[in-house]
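What the coordinates show
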Amino acid sequence: MALPSAPPAQFNFAQFLIAANNSRKDKTALIDDVSSLTYGEMGDQIRACAAGLRKLGLKREERVLLLMQDSTDWIVSFLGALYAGVVPVAVNTLLTPDDYAFMINNSRAQAALVSSALLGNLNAAIAQGTKSIKHVVVSRHEGELPAPNMHFKDLLASASGPSLPAETHADEPAFWLFSSGSTGNPKGTVHTQGNLYWTAQLYGKGLLALTSNDVVFSAAKLFFAYGLGNALTFPLSVGASVVLMAERPTPQATFKRLIDHKPTVFYGAPTGYGGMLASPDLPTKDQVALRLCSSAGEALPADIGERWTQRFGCEIIDGIGSTEMLHIFLSNRSGAVRYGTSGTPVPGYEMAIRDELGQPVAVGDIGDLYIKGPSAALLYWNSRDKSTATFQGEWVKSGDKYTVDADGYYSYAGRSDDMLKVSGQYVSPIEVESALMAHEQVL
């Protein structure tokens, strides 16, 4: 497969999406729990959001906290910030005020864009002594808001005159996602304008083959790297329609969207697929319109993939990605699925499995997985040691142990921090515990 050309040096991803959909302004772009936007309306709101942020005094490269449930306002906020050259810091909606206080201080966010349901947690974080937040913009709040808070709809209405996109560079810091890792504080992972373009081209178009005829629905939320690609970057790059859901992706909530909106592509995680298969309310094949499903976040058990395919007649394309690489870089693909594996490298990415000395391991042996590709983050903010340990020249150390077989299929073997080496072989703590228990029983 021929790889796509790189984006131009001057590149603004939000402007790129608006221009790409200029011919489909009347087509539905976004559908959430209470509203919808056409591509034309979405473009207008993105520009209005950018103008509103500028009117608040936000400057290019300054950060804004994005703490919202999945909705049209989330997407408009994220892309409006990119359009203005302001850097959205998208954060998990399930964290504590302590977490948000750390993230605000770490990013020095000058403003916060927040859902009404999460305003209490944000206020509790700000009350801990965070000093950078000057403006709080609240999405879908009923009633009055005390100053200096303002309604999101009023931010959009405050725009006046034409709003031109910031003349950003493709390699310019564009947004942050926080990577939790296994220990310590979360790490602010800094991504560029061009990184979004590359994941859309290589995975959204190249591997999923999304088109404007698709309707997509992601159980993974937008604040995850996985969900951001699923429900924003990929579908909006090709003119597809997106179904958004604010509530938790329980089986019943997911079934409702699969039946009511008939998405053709669904993105989930193995535990979610397992929960749906176990539910007595599982729809029939005739009730849905699925052509393809995607899975990430953990290894998909072969049994779940096989039962899902038997039920709905469509494959689950299992793969692995990371916050650092922005989306999936190893994946199965339609017509060549091997359940129980993470598949093969997504075209445009290279893999290497290395030992502790950085040398390649033999086929079938366990080693550390390294990735090379154009969507890698720049760094972890204010974390030089962790940045240099992860971002090693052109390569990114994933923190996962993997094997690769003779056919080039990669299989997950555990987290690097969790694996132990016994008699020259990697084993998991669970395997060690099981062996010790068996030994004690023999004694």
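For the structure itself, consult the block above.
Residues numbered from 1 in each chain as written. Predicted model: local features only at pLDDT ≥ 70, side-chain atom pairs only at ≥ 80, totals over all residues. Heavy atoms only, no water.

From N to C terminus, the chain includes 13 helices and 24 strands. Radius of gyration (C-alpha) of the chain: 22 Å, near the 22 Å computed for a compact globule of 443 residues. The principal-axis extents of the C-alpha atoms in the chain amount to approximately 75 × 50 × 45 Å. Per-residue burial over the chain gives 54% buried out of 443 residues. Put simply, 68% of the contacts in the chain that link residues at least 6 apart link residues at least 24 apart. Split by element, the accessible area of the chain, about 18800 Å² in all, is 51% carbon and sulfur. Computed over 35 positive and 43 negative side-chain charges, the inter-centroid distance for the chain is 6 Å. (Helix = DSSP H or I, 4+ residues; strand = E, 2+ residues; numbered from the N terminus. Rg over C-alpha atoms; globule rule 2.2 N^0.38 Å. Buried < 20%, exposed > 50% of the residue type's maximum accessible area, 1.4 Å probe, protein only. Contact = heavy atoms within 4.5 Å. Areas by Shrake-Rupley, 256 points an atom, 1.4 Å probe, with all protein chains shown as cover. Lys, Arg positive; Asp, Glu negative; His and termini not counted. Charge placed at Lys NZ, Arg CZ, Asp CG, Glu CD.)

Reading across from one edge, β2-β1-β11-β10-β12-β13-β14-β15-β16 is the order of the nine strands in this open sheet, with mixed pairing throughout. Each edge of the open sheet is held by one strand with a lone partner, namely β2 (36–38) and β16 (344–345). For strand β12 (residues 265–268) and strand β13 (residues 292–295), the ladder comprises four bridges, and the chain directions are parallel. The residue of β13 that forms the bridge with V265 is L292. (Pairing = 2+ DSSP bridges.)

A few words now on the nonpolar core. Counting residues in hydrophobic clusters, the biggest one holds 89 residues, and the most contacted among them are W74, I75, F78, L79, L232 and L236. Element by element, the count of residues in this core is highest for helix α3 (residues 72–84), at nine residues. Among the nonpolar cores identified, the runner-up in size contains 23 residues, and Y100, A112, A125 and L145 belong to it. (Core = buried A, V, L, I, M, F, W, Y, C linked by side-chain atoms within 4.5 Å.)

Another point: the sheet that holds strand β4 (residues 87–90). The strand order across the open sheet built from eight strands is β7-β6-β5-β3-β4-β8-β9-β19, with neighbouring strands paired in mixed fashion. Lying at the two open borders of the sheet, with one neighbouring strand each, are β7 (149–151) and β19 (379–380). Contacting β3 (63–67), β4, β8 (173–179) and β9 (187–192), helix α4 (residues 97–107) crosses the sheet at an angle of about 150° to β8. (Axes fitted to C-alpha atoms, helices over the stretch in contact; angles between N-to-C directions.)

The subject of this paragraph is the pairing of strand β6 (residues 135–139). The buried fraction of β6 amounts to four of the five residues, a majority that puts the element mostly inside the structure. With five bridges joining them, strand β5 (residues 111–115) and β6 adopt parallel strand pairing. Bridging from a neighbouring strand, A111 pairs with H135 of β6. Note that the unit made of β5, helix α5 (residues 119–126) and β6 has a crossover that is right-handed. Bridging between β6 and β7 involves three bridges; their strand directions are parallel. Paired with V137 across the strands is M150, a residue of β7. (Right-handed = clockwise from strand over helix to strand, strands pointing away.)

All right, on to the packing of α3 against helix α8 (residues 225–238) then. Where α3 contacts α8, the axes come no closer than 12 Å and their chain directions differ by 65°. Here α8 runs roughly perpendicular to α3, going by the angle between their axes. Between α3 and α8 lies a crossing of right-handed hand. Between α3 and α8, the residues in contact are W74, I75, F78 and L79 and L228, A231, L232 and L236, respectively. (Parallel < 35°, antiparallel > 145°, perpendicular 65-115°, else oblique. Left-handed = near helix turned anticlockwise from the far one by under 90°.)

The next subject is the pattern of salt bridges. Tallied over the entire structure, the rule returns 15 salt bridges. A salt bridge links D73 to R140, with the shortest nitrogen-to-oxygen separation between them at 3.6 Å. On the criterion of sequence distance, the pair formed by D73 in helix α3 and R140 in the loop between β6 and β7 is long-range, its members being 67 residues apart. Classification of D73 as buried rests on a relative accessible area of 9%. (Salt bridge = Lys/Arg side-chain N within 4 Å of Asp/Glu carboxyl O.)

Between A147 and P148 the backbone carries a cis peptide bond, its omega angle lying at 10°. Summarising the element assignment, P148 is placed in the loop between β6 and β7. Not every positive phi belongs to a glycine, and E61 is a case in point at roughly 80°. Among the structural elements, E61 can be located in the loop between α2 (39–55) and β3. Accessibility expressed as a relative area gives 45% for E61, which makes it partly exposed.

Just distances and angles here, no functional claims.
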